[in-house]
Every structure is written in structure tokens, then in C-alpha cells.
Amino acid sequence: MDHEQQAEEFETLKAIYGDDVTLLLQEGTIEVCIPCREVQPHAVARATCPVDYPSASPPVAEVVAPHLPPELISEAAAQLESLFVPGEIVLFSWIEWLRERHVDWQHWQQQQQEEEEEAAAALAAAVARGHIGNSGSGSEGDASETEEGSGREEASVAGALARRERQEAAAASRGGGDGDLESLMAAVAPRIVSGAPLTERRSTFQAHVCRVTDAREVEAVIAVLLQNNKIRGATHPAIMAYRISTPRPGVYLQDCDDDGEDAAGGRLLHLLQLARAEDVVVVVSRWFGGVLLGPSRFGLISNCARELLVSTGFIAGAGEGGGGGGGGRKKGKGR
């Protein structure tokens, strides 16, 4: 029965997508070019179906897209497998989800390129003002990092400096803020829980979580944290993501902020989504120590956030390591 359903599904997809589909029926595999073969660059989505698909097991998803960051690809594959429901075919939903996301990714890449160009100019200005020293000699570990990764991290540091200057100017112009925000700050402050600092190669990371029920409370949490001189002085004081439930089942109010750390906020939001956490904001502060960490900084940000979310009860633990999120929807415990 499963074999017949697979063959029928493959043929249906071939009829829908035409020459953009490659079928390997004897291996139970289908490949689809996204958005299509004629468009460059394009991604190739590959699904290999086990013998008990769709009755029991999901297809094994793979996305081949050299033009996209590897972390996006791995996240996409994990998301695809999460869409599977035993007994239901899923390949059409996979393909359409990827077609939509590929457009978003291309827009994201274009935006990142523009931001990096702006940040590079800010870096040059920051170096000229003496805010960033010449760390070109670095340590032996830095030599293994790619020039592209190092350049992005330097640019994010420069962007953070420029952004902090804008934040301080805006705070000065507000002259104390409005009463509504101040009352919200007083309400959320006792609920904020900060984790233990994590230091890696002279960079320090610290996570903070708080139960929230609307976006204004998120703003208040950030404002409370930035009242702390040490946090406000961090290179990236408020890398942030939140996910808030709404009266409509399955609908969430959610958003994130990289705070200059190149897509780090999106990774925190992805963590909340995978763990099905709700009514929580998670913030990670990073103090840059002068040694470039490259892509490993994203794992450190996610891991310290996850450990605090687990310890405060917002998400369930998932064993050792920083793997996919647990399924708990527990309320956080403030203090």
C-alpha cells in the first residue's frame, strides 16, 4: 500500500512541476528544483521515502543550495521533517513550503549584504576613532576561520557600536521615558531571570528570560535590562526573540532582533518555535573580547539561551547537547 501511494504521489508531483522534478522510483527518491531549473541560483530539494512512508515514517529531507548558509539548510531540513503526520502524504507541502522560504532567503541575503556594506563603513569609522583595536594577529584558532566569517563578525561589532550611539542619543532625547513604559518596567522587573555568564575565548555570553503576554512587555524587559550599566555596555546587549500566545489556537505573536549579531535573533526565535515555547522573551547579551569566534558564536548564543529556558521551565529538556527543542509549554518561574 505504501509503495503504491509513493508512486502515485511522485507521478502527481511530476505532473504539477514538470521538468523541475527528477524521479528515482527504484530508490524511492524525488528531486525538485526550487524555484525552477531556469532560475539561478536555485535550490534542489531531495526527499528519500522509506518503505513505510506515508503510513509510519517520514521522508528523509535534504536541501542542496550552495548559495545559502549551511545553518539555514539544516534548519530547513529539520522543519520539513516536522511537518510530517503519519498516514498522510507530505511532499507537496514540503515543496511549496520551500518555494516560499527560498524567496524569503533570497531577500534576507540581499538585506544582509546591504547591512554588511553599511557596517563595513561603520567599522572603518570605529577603528579610526580607536573603539576597536587591531586584533589582526589574533590567536592560532582564529587563523582557521574564513575571511568572510571574520569580516561579518567585525562588521557586526562595528554595527553594534554605531547602534549603541543611536540608542543613547534616543534615550537622552526621551528624557526619562513615558509613565506607561515605566509602570510596565516595574511590573516585569521581578520576573526577569538572568543566567550564569558563559565565557569562550574572551567573549562572554549571558542569557535572560522573562514571562510576557504582549509586545509592550517585551519592550519593557529590554528597557529594564539596559538600565544595567554592564549589560548596556555589552557589544550586543540585547539579542532577542519572543513568542506570545494569542486567543486563536496555533497563532502566535512573535519577533526577534539580531542587535547587530548577524541573524542570531532568528536562531533564538527558531529555538522557541521548535520547543513550542510560549509567553516568553529570551535575551542574550554578548561582550566581545577581541578574539573572533566565527560561526561558533551562534551555538554559544543558542546554548546559553536554551539552558536558561530549560532551568526556568519555559521549555522541556532534550537530553545532553543543544539539539532540537523539547515539547513542553511550561510557564516560567520568575524571581
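Residues numbered from 1 in each chain as written. Predicted model: local features only at pLDDT ≥ 70, side-chain atom pairs only at ≥ 80, totals over all residues. Heavy atoms only, no water.

1. Comments concerning the overall build of the chain
Here comes step 1: A tally of helices and strands in the chain yields nine helices and ten strands.
Here comes step 2: In the chain, which comprises 335 residues, the proportion classed as buried is 43%.
Here comes step 3: Taking all contacts inside the chain whose residues are at least 6 apart in sequence as the whole, residues at least 24 apart take part in 61%.
Here comes step 4: Summed over all atoms, the accessible surface of the chain reaches about 16800 Å², with 53% contributed by carbon and sulfur. (Helix = DSSP H or I, 4+ residues; strand = E, 2+ residues; numbered from the N terminus. Buried < 20%, exposed > 50% of the residue type's maximum accessible area, 1.4 Å probe, protein only. Contact = heavy atoms within 4.5 Å. Areas by Shrake-Rupley, 256 points an atom, 1.4 Å probe, with all protein chains shown as cover.)

2. Some words on the nonpolar core
Here is a general trend for soluble globular proteins: nonpolar side chains tend to be buried in one another's company.
Here comes step 1: Core analysis: the largest hydrophobic core is formed by 26 residues, its most contacted members being Val209, Leu268, Val282, Val284 and Leu309.
Here comes step 2: Elements with a contribution of two residues or more to this core: β7 (203–211), β8 (236–245), α8 (264–275), β10 (280–287) and α9 (296–311).
Here comes step 3: The element that contributes the greatest number of residues to this core is α9, accounting for seven residues.
Here comes step 4: Among the nonpolar cores identified, the runner-up in size contains 25 residues, and Leu13, Val32, Ala65 and Ala76 belong to it. (Core = buried A, V, L, I, M, F, W, Y, C linked by side-chain atoms within 4.5 Å.)

3. Brief notes about helix α1 (residues 2–17)
Here comes step 1: The terminal C-alpha atoms of α1 lie 22 Å apart, and with 16 residues this matches the ideal 22 Å at 1.5 Å per residue to within 8%.
Here comes step 2: If you check which residues of α1 are buried, you get Asp2, Gln6, Glu9, Phe10, Leu13 and Tyr17. Along the axis of α1, the buried positions cluster into a sector of 100 degrees, meaning they face one direction only. Exposed side of α1, more than 90 degrees from the buried face: Glu4, Glu8 and Ala15 are the residues found there.
Here comes step 3: Gly18 occupies a position one or two residues after α1 and carries a positive phi of about 60 degrees. (Expected span 1.5 Å × (residues − 1). Arc of directions from axis to C-beta.)

4. Let's talk about the pairing of strand β2 (residues 29–34)
Here comes step 1: When you tally the buried positions in β2, you get five out of six residues, the bulk of the element.
Here comes step 2: For β2 and strand β3 (residues 43–48), the ladder comprises six bridges, and the chain directions are antiparallel. Its bridge partner lying in β3, Cys33 is registered against Val44. (Pairing = 2+ DSSP bridges.)

5. Concerning the pairing of β10
Here comes step 1: A large share of β10 lies buried, amounting to eight of its eight residues.
Here comes step 2: Where β7 and β10 come together, eight bridges link them in antiparallel fashion. Bridged to His208 within β10 is Val283.
Here comes step 3: As paired elements, β8 and β10 share six bridges and run antiparallel to each other. Counted as the bridge partner of His236 is Arg286 from β10.

6. Some remarks on the pattern of salt bridges
Here comes step 1: This model, assessed by the stated rule, comprises seven salt bridges.
Here comes step 2: Note that Glu31 and Arg46 form a salt bridge whose closest N and O atoms lie 2.6 Å from each other. Taken together, the residues span a long stretch of sequence, with Glu31 in strand β2 and Arg46 in strand β3 at a distance of 15 residues.
Here comes step 3: In this structure, the salt-bridge partner of Glu62 is Arg46, at a minimum N-O distance of 2.9 Å. Separated by 16 residues along the polypeptide, Glu62 in strand β4 (residues 60–64) and Arg46 in strand β3 bring together distant segments of the chain.
Here comes step 4: A residue is classified by how much of its surface remains accessible, and Glu62, at 39% relative accessible area, is partly exposed.
Here comes step 5: Classification of Arg46 as partly exposed rests on a relative accessible area of 22%. (Salt bridge = Lys/Arg side-chain N within 4 Å of Asp/Glu carboxyl O.)

7. Remarks on the packing of aromatic side chains
Here comes step 1: Under the criterion given, the structure shown has one aromatic pair.
Here comes step 2: Between Tyr53 and Phe84, the aromatic rings sit 6.0 Å apart at their centres with planes inclined by 45 degrees, giving tilted as the arrangement. Here the residue Tyr53 occupies a position in the loop between β3 and β4, and Phe84 occupies one in the loop between α2 (70–82) and α3 (91–129), the gap between them amounting to 31 residues.
Here comes step 3: Under the relative-accessibility criterion, Phe84 is labelled buried at 12%.
Here comes step 4: In this arrangement the basic side chain of Arg243 is found over the ring face of Tyr252, its NZ or CZ atom lying 3.7 Å from the centre.
Here comes step 5: The ring centre of Phe298 lies 3.9 Å from the NZ or CZ of Arg267, which sits over that ring. (Phe/Tyr/Trp six-rings, centres within 6.5 Å; stacked < 30°, edge-to-face > 60°. Lys NZ or Arg CZ within 6 Å of the ring centre and 35° of its normal.)

8. Quick look at the environment of Glu307
Here comes step 1: Along the chain, Glu307 turns up in helix α9.
Here comes step 2: Accessibility expressed as a relative area gives 59% for Glu307, which makes it exposed.
Here comes step 3: Remark: the alpha-carbon pair of Glu307 and Gly195, spanning 112 residues in sequence, is separated by 8.3 Å.

9. Regarding the packing of α8 against α9
Here comes step 1: Axis separation between α8 and α9 bottoms out at 10 Å; the angle between their running directions is 35 degrees. As α8 runs across α9, the sense of the crossing is right-handed. Together, Ala264, Arg267, Leu268, Leu271 and Leu272 of α8 and Phe298, Ile301, Ser302, Ala305, Arg306 and Leu309 of α9 make up the contact between the two elements. (Axes fitted to C-alpha atoms, helices over the stretch in contact; angles between N-to-C directions. Left-handed = near helix turned anticlockwise from the far one by under 90°.)

Read these as geometric descriptors, not functional statements.
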